[in-house]
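Per-entry structural report
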Amino acid sequence: MKASVRWVDRAPLWLFALLVATLGLAPWTPEPHVAEKLRWLFAGELNRPRDILDLVLHATPWLLMAFKLYRNSVVEKGTV
């Protein structure tokens, strides 16, 4: 676990922003897959394995960005 946290700490924030802008929001039209899959999840319609994998793949950049921002705030406060 510590090796992955160190990787996130060393990686620049722009890299995570690029991942979110490309994979996290792809395709842009008619709507991003992550928005569509989350809508299906909250409606209880996300049941095919392919759609679940698609949600995981498109949500991963968002989760990594959130974790990077969290780590930046923790490191700046000096609690690490």
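As a reminder, the structure under discussion sits directly above these lines.
These notes cover the structure that comes with them. Only a predicted model underlies this, so the values are computations on that prediction, with no experimental measurement involved. (Residues numbered from 1 in each chain as written. Predicted model: local features only at pLDDT ≥ 70, side-chain atom pairs only at ≥ 80, totals over all residues. Heavy atoms only, no water.)

Within the fold, His58 resides in helix H4 (residues 49–77). Apart from the residues within four sequence positions on either side, His58 is in contact with Leu23, Gly24, Ala26, His33 and Val34. (Helix = DSSP H or I, 4+ residues; strand = E, 2+ residues; numbered from the N terminus. Contact = heavy atoms within 4.5 Å.)

Let us look at the packing of aromatic side chains. Considering all chains together, one arrives at two aromatic pairs under this definition. Between Trp7 and Phe16, the aromatic rings sit 5.7 Å apart at their centres with planes inclined by 75°, giving edge-to-face as the arrangement. Looking at Phe16, the relative accessible area reads 0%, which means it is buried. (Phe/Tyr/Trp six-rings, centres within 6.5 Å; stacked < 30°, edge-to-face > 60°. Buried < 20%, exposed > 50% of the residue type's maximum accessible area, 1.4 Å probe, protein only.)

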